[in-house]
Amino acid sequence: MEQEKAHDLLKKKLKEKGLKVTKQRLLILQTLAEHRGMHLAAEEIFEMMKSGYPEMGLATVYRTLQLLYEIQLVDRINLDDGCIRYEIGHAFEGDSKHCHHHLICRTCGRIIPFEDDLLDELEEHIELSTGFHVLDHELKFYGQCRECSEASMRKENT
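I will try to describe carefully the structure that is included in this document.

Rules behind the numbers
- Residues numbered from 1 in each chain as written.
- Predicted model: local features only at pLDDT ≥ 70, side-chain atom pairs only at ≥ 80, totals over all residues.
- Heavy atoms only, no water.
- Helix = DSSP H or I, 4+ residues; strand = E, 2+ residues; numbered from the N terminus.
- Buried < 20%, exposed > 50% of the residue type's maximum accessible area, 1.4 Å probe, protein only.
- Areas by Shrake-Rupley, 256 points an atom, 1.4 Å probe, with all protein chains shown as cover.
- Lys, Arg positive; Asp, Glu negative; His and termini not counted.
- Charge placed at Lys NZ, Arg CZ, Asp CG, Glu CD.
- Salt bridge = Lys/Arg side-chain N within 4 Å of Asp/Glu carboxyl O.
- Pairing = 2+ DSSP bridges.
- Axes fitted to C-alpha atoms, helices over the stretch in contact; angles between N-to-C directions.
- Parallel < 35°, antiparallel > 145°, perpendicular 65-115°, else oblique.
- Contact = heavy atoms within 4.5 Å.
- Nonpolar A, V, L, I, M, F, W, Y, C, P; charged D, E, K, R; others polar.
- Patch = residues over 30% accessible without salt bridge, like charges linked within 9 Å, V, L, I, M, F, W, Y side chains within 5 Å.

Some thoughts on the overall build of the chain
Here is step 1 of the chain: When its secondary structure is counted, the chain shows six helices and six strands.
Here is step 2 of the chain: In the chain, the order of α-helices and β-strands from amino to carboxyl end is α-α-β-α-α-β-β-β-β-α-β-α.
Here is step 3 of the chain: Overall size of the chain, expressed as C-alpha extent along the three principal axes, is 55 × 50 × 30 Å.
Here is step 4 of the chain: Looking at the 158 residues of the chain, the share that counts as buried comes to 35%.
Here is step 5 of the chain: Just so you have it, the chain exposes about 10200 Å², and 52% of that area is on carbon and sulfur atoms.
Here is step 6 of the chain: Charged side chains of the chain number 21 positive and 29 negative; the gap between the two group centres comes to 7 Å.

This is the structure in structure tokens:
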């Protein structure tokens with residue numbers, strides 16, 4: 001079912017842009033859909049696909065991810081560590097607007113999606129006060145995940 005949904009949505013989006021559905025585009029989108037909740041670098045996606053599709057090169061993965069990002073089927077997150085990560089896009093989920101944020105542990109590097117979007121009132125305030133219509137936003141919280149925080153407390157208590 002997931003493959004069928006990915007194929008149908010990809011076909012629709014590419015057709016809207018006058019582009020072809022290719023095996024590479026479909027495989028990369030399916031890989032991201034199958035690893036929902038993970039934030040994968042292009043190299044990680046390439047490694048996941050390499051054994052099953054040895055004809056696909058890393059450059060193809062990069063180009064395809066850029067295209068899928070441009071047509072809003074994948075989202076990307078830059079954690080300011082020199083690595084851009086990708087995840088299945090909110091348009092793929094049927095959402096017209098981004099609706100999750102990221103909690104980033106400064107100790108272990110774990111990225112935790114945070115699904116609650118509490119910024120609707122702020123966006124409305126921005127539009128009313130400035131006339132600026134917010135289309136999307138990205139929010140990252142940096143801190144310490146529960147596991148690292150608990151480990152840190154145990155160290156302090158010993």
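Details of the pattern of salt bridges
Here is step 1 of the chain: Scanning all chains against the criterion turns up five salt bridges.
Here is step 2 of the chain: K12 is the partner of E16 in a salt bridge, and the nearest nitrogen-oxygen pair spans 3.6 Å. You can see E16 and its partner K12 sitting in helix 1 (residues 2-16), four residues apart, about one turn around the helix.
Here is step 3 of the chain: Taking relative accessible area as the criterion, K12 reaches 49% and is therefore assigned partly exposed.
Here is step 4 of the chain: We note a salt bridge from E138 to K140, for which the minimum N-O separation is 3.6 Å.
Here is step 5 of the chain: For K140, a relative accessible area of 24% translates into the label partly exposed.

Concerning the sheet that holds strand 6 (residues 140-143)
Here is step 1 of the chain: Spatial ordering of the open sheet is given by 5-4-6, a layout of three strands whose pairing is mixed. Since the sheet does not close on itself, it has two edges, and those belong to strand 5 (111-114) and strand 6, each with one partner. Within this sheet the neighbouring strands show an average axis-to-axis angle of 25°, counted without direction.
Here is step 2 of the chain: Summarising the sheet, strand 4 (residues 101-105) and strand 5 pair through four bridges and their orientation is antiparallel. Pairing of L103 across the sheet is with I112, part of strand 5.

Quick look at the packing of helix 2 (residues 23-34) against helix 4 (residues 58-70)
Here is step 1 of the chain: Packing of helix 2 against helix 4 leaves a shortest axis separation of 10 Å and a crossing angle of 75°. The orientation of helix 2 relative to helix 4 falls into the category roughly perpendicular. From helix 2, Q24, R25, I28, L29 and L32 reach across to helix 4, where they touch T60, V61, T64, L65, L67 and L68.
Here is step 2 of the chain: Its residues assigned to classes, the contact of helix 2 with helix 4 shows seven nonpolar, three polar and one charged.

Here's the deal with a negative patch on the surface
Here is step 1 of the chain: Side chains of D120, E121, E124 and E127 sit close together on the surface and give a patch of like negative charge.
Here is step 2 of the chain: Mapped onto the secondary structure, E124 falls in helix 5 (residues 120-130).

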